[in-house]
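What follows is each chain in one-letter form.
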Amino acid sequence: MTTTQLEKPVAARAVKTVKNPRVKSGFHPRTCAIAGVGAYVPERVLTNADLEKMVETSNEWITTRTGIEERRIAREGEFTSDMAAKAALRAMKAANVKPEEIELIIVATITPDMLFPSPACLVQQKIGARRVPAFDIEAACSGFIFGLEIGQQFIASHTYNTVLVIGAEKLSSIIDWKDRNTCVLFGDGAGAAILQSRSDTHGLLTACMGADGSKAELLSMPAGGSRQPATAESVSKGLHYLRMDGKETFKSAVNAMYSAAQEALRRCEIDISQIKLIIPHQANRRIIDAVGERLGATQDQLFVNLHKYGNTSAASVAIALDEAVQSGRIQRGDLILLVVFGAGLTWGAAVIQW
Ligand SMILES: CC(C)(COP(=O)(O)OP(=O)(O)OC[C@H]1O[C@@H](n2cnc3c(N)ncnc32)[C@H](O)[C@@H]1OP(=O)(O)O)[C@@H](O)C(=O)NCCC(=O)NCCS
């Protein structure tokens with residue numbers, strides 16, 4: 001029997017008996033709004049003055065080179081899924097969504113409670129959601145935009161009506177607190193968004209995402225995965241800590257964030273002056289200013305809260321978005337631009353009509 005003979009009856013049967021379940025619901029894409037946001041940061045504040053006692057650094061160096069003044073650190077026994085669940089419950093409250101209405105949970109993180117099971121499954125249990133699909137994505141600091149775009153696909157395709165997307169990190173668990181090059185930069189926290197189709201807004205208009213694996217070495221945690229499982233040697237060499245080439249990462253961040261933002265604006269056929277608020281990844285004030293300047297944005301358009309939280313990776317823009325909404329910087333109908341960058345390398349920009 002030839003391959004063609006084998007394939008034909010199968011294909012014919014498939015056409016006859018299999019119906020695309022999406023067709024039943026119309027299969028017309030629909031818009032995806034952020035129906036509510038929420039954030040959580042741990043209580044413990046670690047200031048630059050505290051860090052001066054831990055490593056050879058100064059408040060002056062940290063603030064002038066990064067803009068960071070303090071960051072939050074999770075308490076002992078508080079894990080990524082705990083912070084994620086708290087942010088999620090706040091987003092659910094803001095969107096007026098009950099746990100049983102959530103149909104999909106996506107958690108973006110590089111600091112899961114453990115390698116498996118995923119924090120997303122733990123969050124499902126902690127917020128009292130049903131046995132709905134729950135999984136993590138790993139796009140480092142770009143994770144929240146990647147998560148929004150994935151969640152959006154499920155809303156647009158009518159697969160689900162309510163999706164929970166969370167960015168959450170306990171970066172303090174992978175920081176070498178003796179390395180002044182990295183320990184001053186990062187913090188812990190979580191931010192969450194409820195996605196739904198809403199008739200009063202277009203919501204997530206576009207998300208441009210990209211990655212460049214050839215620059216993977218710039219920012220990584222070398223051990224703990226299949227390449228270098230934990231051994232006494234890997235621990236003694238400090239391979240379970242975050243490592244970074246700061247200068248190169250800085251340059252790549254500015255270029256990638258600028259290009260992604262430009263592409264997102266181009267796709268929406270708008271220019272920067274039409275954007276009410278730009279919410280960039282909160283890694284370094286100088287990166288934010290450089291990207292803003294290249295985009296032709298005013299200082300008023302740039303949302304900055306990194307002086308309070310440092311870089312919280314996947315949680316960063318989610319926490320900032322929540323703060324921008326809470327403080328009245330964004331009103332329904334406004335156009336906002338999220339722009340992110342992270343290890344991978346990864347990057348992304350999203351235009352949202354609030
Ligand atoms: C890390 C970063 C703040 C360093 O700033 P920088 O302007 O590049 O710093 P420089 O390279 O000019 O200076 C480095 C010097 O400061 C020293 N230094 C580093 N951290 C320090 C600290 N916390 N306190 C005091 N001195 C420090 C270095 O040892 C080095 O000293 P040397 O010149 O004697 O070797 C910056 O490169 C950065 O933000 N990069 C991007 C990081 C990032 O955002 N990562 C996450 C992306 S998602």
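Coordinates for the structure precede this section.
Below you will find a few notes about this structure. Please read all numbers here as calculations on a predicted model, not as lab measurements.

## Examining the overall build of the chain
Along the chain, the regular secondary structure elements total 13 helices and 13 strands. By the compact-globule yardstick of 20 Å for 354 residues, the chain fits well, its C-alpha radius of gyration being 21 Å. Projected onto the principal axes, the alpha-carbon positions of the chain cover approximately 70 × 50 × 40 Å. Residues counted as buried form 53% of the 354 residues belonging to the chain. Put simply, the chain shows about 16,800 Å² of open surface, and 52% of that area lies on carbon and sulfur atoms. Charged side chains in the chain number 39 positive and 37 negative. The centres of these two groups are separated by 6 Å.

## Quick word on the sheet that holds strand β1 (residues 33–40)
The 5 strands lie next to each other as β1-β7-β6-β4-β5, forming an open sheet whose pairing is mixed. Of all the strands in the sheet, the pair left with one neighbour each is β1 and β5 (134–137). Pairs of neighbouring strands in the sheet enclose a mean axial angle of 20°, with direction left out of account. Alignment of strand β4 (residues 104–108) against strand β6 (residues 163–170), held across 5 bridges, turns out to be parallel. Within β6, the residue paired with L104 across the bridge is V163. Where helix α6 (residues 119–127) meets the sheet, it contacts β4, β5 and β6, and its direction lies at approximately 125° from that of β4.

## Description of empty space enclosed by the protein
Taken as a whole and assessed by the stated rule, the structure comprises 1 cavity of 30 Å³ or more. In this structure, the largest cavity spans a volume of roughly 30 Å³. If you trace the largest cavity, you find it lined by Q282, N305, Y309, G310, T312, S316 and I319. Looking at the lining of the largest cavity residue by residue, the classes come out as 2 nonpolar, 5 polar and no charged.

## Here we look at the sheet that holds strand β12 (residues 335–342)
The sheet built from 4 strands is open, its strands ordered β8-β13-β12-β11 with mixed pairing. Strand pairing shows two members of the sheet lacking a second neighbour, β8 (203–211) and β11 (277–280), which therefore form its edges. Shown here is a sheet whose adjacent strand axes are inclined to one another by a mean of 10°, direction ignored. The pairing of β8 with strand β13 (residues 346–353) spans 8 bridges and is antiparallel.

## Some details on unusual backbone geometry
A cis amide bond links F116 to the next residue, P117, at an omega of 0°. The topology assignment puts P117 in the loop between β4 and α6. Residue L345 follows G344 across a cis peptide bond; omega there is -10°. Even without glycine at this site, E269 takes up a positive phi of about 55°. As for its placement among the helices and strands, E269 is situated in the loop between α10 (246–268) and β11. Here E269 falls in the exposed class, since its relative accessible area comes to 73%.

## As for the nonpolar core
Residues I272, I275, I278 and L337 are the most contacted members of the largest nonpolar core, which totals 48 residues. Elements with a minimum of two residues in this core: α10, α11 (285–295), β12 and β13. The greatest single-element share of this core, amounting to 9 residues, is contributed by α10. When sequence neighbours within four positions are dropped, the list of residues in contact with I275 reads L265, I270, Q301, L335, I336, L337 and V351. In this structure, V37, F146, L148 and I155 belong to the second largest nonpolar core, which totals 36 residues.

## Some remarks on the pairing of β12
The buried fraction of β12 amounts to 8 of the 8 residues, a majority that puts the element mostly inside the structure. Burial of β12 is two-sided: the residues L335, L337, V339 and F341 facing one way and the residues I336, L338, V340 and G342 facing the other way are all buried. Bridge count for β11 against β12 is 4 bridges, and the pairing is parallel. Among the inter-strand pairings, I278 is bridged to a residue of β12, identified as L337. Taken together, the 8 bridges between β12 and β13 define a ladder with antiparallel strand orientation.

## Here's the deal with the site of the ligand
Contacts to the ligand come from 23 residues, most closely from T57, R65, R180, K247 and N284. Taking R65, its side chain carries an N or O atom lying 2.9 Å from an oxygen atom of the ligand. Protein contact buries 74% of the 970 Å² of open area that the ligand shows by itself. Placement of the ligand is best described as lying within the second largest pocket. Here the element with the most residues in the shell around the ligand is α10; it accounts for 4 residues. A class-by-class count of the residues in the shell around the ligand yields 9 nonpolar, 9 polar and 5 charged.

So, how was this worked out
Residues numbered from 1 in each chain as written. Predicted model: local features only at pLDDT ≥ 70, side-chain atom pairs only at ≥ 80, totals over all residues. Heavy atoms only, no water. Helix = DSSP H or I, 4+ residues; strand = E, 2+ residues; numbered from the N terminus. Rg over C-alpha atoms; globule rule 2.2 N^0.38 Å. Buried < 20%, exposed > 50% of the residue type's maximum accessible area, 1.4 Å probe, protein only. Areas by Shrake-Rupley, 256 points an atom, 1.4 Å probe, with all protein chains shown as cover. Lys, Arg positive; Asp, Glu negative; His and termini not counted. Charge placed at Lys NZ, Arg CZ, Asp CG, Glu CD. Pairing = 2+ DSSP bridges. Axes fitted to C-alpha atoms, helices over the stretch in contact; angles between N-to-C directions. Contact = heavy atoms within 4.5 Å. 1 Å grid on protein atoms, 1.4 Å probe; cavity = no way out; pocket = protein on both sides within 12 Å on 5 of 7 lines; lining within 4 Å. Points joined across faces, edges and corners; volume = space filled by probe spheres on them. Nonpolar A, V, L, I, M, F, W, Y, C, P; charged D, E, K, R; others polar. Core = buried A, V, L, I, M, F, W, Y, C linked by side-chain atoms within 4.5 Å. Near = heavy atom within 4 Å. Polar contact = N/O pair within 3.5 Å; in protein donor to acceptor, adjacent residues only side chain to side chain. Sits in = over half its atoms within 2 Å of the grid points.

These results come straight from atomic positions and should not be treated as a statement about function.
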